[in-house]
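# Summary of structural features
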Amino acid sequence: MRVAIAEDNTLLREGLVRLLAEAGFVVVAQVDDPVALLAAVAEHRPDVAVVDIRLPPTHTDEGLRAASEIRRRHPDTGVLVLSQYVRLSYTMELLDGGARGVGYLLKDRVTELSEFAAAVRQVGNGGAAFDPAVVDQPVGRR
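Residues numbered from 1 in each chain as written. Predicted model: local features only at pLDDT ≥ 70, side-chain atom pairs only at ≥ 80, totals over all residues. Heavy atoms only, no water.

### Side note on the nonpolar core
Selection rule: Buried Ala, Val, Leu, Ile, Met, Phe, Trp, Tyr and Cys residues that are joined via side-chain atoms within 4.5 Å together make up what is termed a nonpolar core. Relative accessibility decides the category of a residue: with a 1.4 Å probe and only protein chains considered, values under 20% of the type maximum give buried, values over 50% give exposed, and everything between is partly exposed. Here a strand is any run of E in DSSP of at least two residues, a helix any run of H or I of at least four, and the numbering for each starts at the N terminus. In what follows, a contact means two residues having at least one pair of non-hydrogen atoms within 4.5 Å.
With 24 residues, the main nonpolar core has L37, V51, I70, V81, L94 and Y104 as its most contacted residues. Breaking this core down by element, the ones donating at least two residues are β1 (2–6), β2 (26–31), α2 (34–44), β3 (48–52), α3 (62–73), β4 (78–83), α4 (88–94) and β5 (102–106). Once residues lying within four places of it in the same chain are set aside, the contact partners of I70 are L37, L38, V41, A49, P75, T77 and V79. One finds L16, F25, L82 and L105 within the second-largest nonpolar core, a separate group that totals 17 residues.

### Comments concerning α2
Selection rule: As used here, the arc belongs to the directions running from the helix axis to the C-beta atoms. Side-chain atoms alone can form a polar contact between residues adjacent in sequence; in general such a contact is a pair of N or O atoms within 3.5 Å, and within protein one must be able to donate a hydrogen while the other accepts it.
Of all the residues in α2, the buried ones are P34, L37, L38, A40 and V41. Looking straight down α2, one finds its buried side chains confined to an arc of 165°; they lie on one side. In α2, the exposed residues that point more than 90 degrees away from the buried face are V35 and E43. Check the buried side of α2 and you find it contacts β1, β2, β3 and α3. The N-capping residue of α2, defined by a side-chain oxygen 3.0 Å from the backbone nitrogen of V35, is D33. A positive backbone phi angle near 50° is found at R45, which sits one or two residues after α2.

So this is what it looks like as structure tokens:
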């Protein structure tokens, strides 16, 4: 399975590359900003894009906006966002195109590398992978 990674933290990005490679994934691109991510996805057509929600230049929601754009332009590419934050607005924007090929995991709660690899595979195969805390927030509000 082919993966593109967008993460502005160099140590985390390099760690993701190594972990995914060890788990049998082919990392076709590793970038640190949303513009480069969109270009990499257009060029390499990965099965999955693993995207940090907060990317340069403002570190607010550039990654999330890029993830939404990938879902619109490249519906065959799954999108797995990583964040330190749970926000209902992030979840709703990500799910705007449906739950097929999408995931939202919290960085601090990924404790098993095998589970992370399984989530990437699940999203790449058209499934969904959500941290329970992400799901609890919108469900709890209803």
